[in-house]
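Structure assessment
Take a look at the letters that make up each chain.
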Amino acid sequence: MEKKSRGAQKAVPRCGEVEALQQKINLYSDMLYRIAFLQLRNNQDAEDVVQETFYQYIKSRKAFETQEHEKAWLIKVTLNGCRKVWRSAWNRHREEWPEKELEGKVTAGAGNMESAVLRREQSREIMEAVVRLPRKYREVIHLFYYQQMSIKEIALATGRKESTVTSQLTRGRELLRKNLKEGYQYEGF
């Protein structure tokens, strides 16, 4: 039993590392949560994946070359955690996610009340359209537009070729345009 407890203690950060870890959590947790939520469409699963991502971060004690490398690694671990949830038996036998859960994830912009409500409604509709995309398109659309990652960074984070990411972005945009156009015919979208 002592060997197991020593191994477990190695994964626990030291006092000086706790502050650095807290900074990383503060810096990346919102972004990772948004990625996980967009992929999984469920608050609890998204929170679990983010928690597991930071556990893997602590456990790996990996040295990163740059902050972008660290960010890409965390995104990749998050996406892999989402895939693990998708493959789980629990997820395969679960009913669809509730619509109300999505509504709380989109925030309204500043300004007068009417324009804020309009922006919030448009953001909600766009987010719903993104969530309805197939996973491979949803991933790259989210990383490109919501996380402002370059095609090269997305390819690194997802393990895909840059040409594949470009194709998936193009096809995802076409699907989004088609889906949103149906809802916005009156505006000439």
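In the block above lies the structure referred to throughout.
For the structure given in this document, a descriptive report is provided here. For clarity, every value in this text was computed on a predicted model and none was experimentally measured.

**A word on the pattern of salt bridges**
Pairing between side chains of opposite charge can happen when the charged atoms of each approach one another. Under the counting rule described, the total for this entry stands at 3 salt bridges. Residues K24 and E70 are paired through a salt bridge, measuring 3.0 Å at the closest nitrogen-oxygen approach. Taken together, the positions of K24 in helix α2 (residues 15–40) and E70 in helix α4 (residues 67–87) put the pair 46 residues apart, joining distant regions of the chain. Exposure remark for K24: the relative accessible area of 24% places this residue in the partly exposed category. The buried category is assigned to E70, whose relative accessible area is 5%. In this structure, R160 and E139 form a salt bridge, with 2.5 Å as the shortest nitrogen-oxygen distance. Taken as a pair, R160 in the loop between α9 (151–158) and α10 (162–183) and E139 in helix α8 (residues 135–146) lie far apart in primary sequence, 21 residues in all.

**Some details on the side chain of Q168**
Examined against the element boundaries, Q168 turns out to sit in helix α10. The class of Q168 is buried, set by a relative accessible area of 9%. Side-chain polar atoms of Q168 contact the side chain of R160, separated by 3.0 Å. Every residue in contact with Q168, bar those within four places of it in the chain, is listed here: K136, Y137, V140 and R160.

Definitions and cut-offs
- Residues numbered from 1 in each chain as written.
- Predicted model: local features only at pLDDT ≥ 70, side-chain atom pairs only at ≥ 80, totals over all residues.
- Heavy atoms only, no water.
- Salt bridge = Lys/Arg side-chain N within 4 Å of Asp/Glu carboxyl O.
- Helix = DSSP H or I, 4+ residues; strand = E, 2+ residues; numbered from the N terminus.
- Buried < 20%, exposed > 50% of the residue type's maximum accessible area, 1.4 Å probe, protein only.
- Polar contact = N/O pair within 3.5 Å; in protein donor to acceptor, adjacent residues only side chain to side chain.
- Contact = heavy atoms within 4.5 Å.

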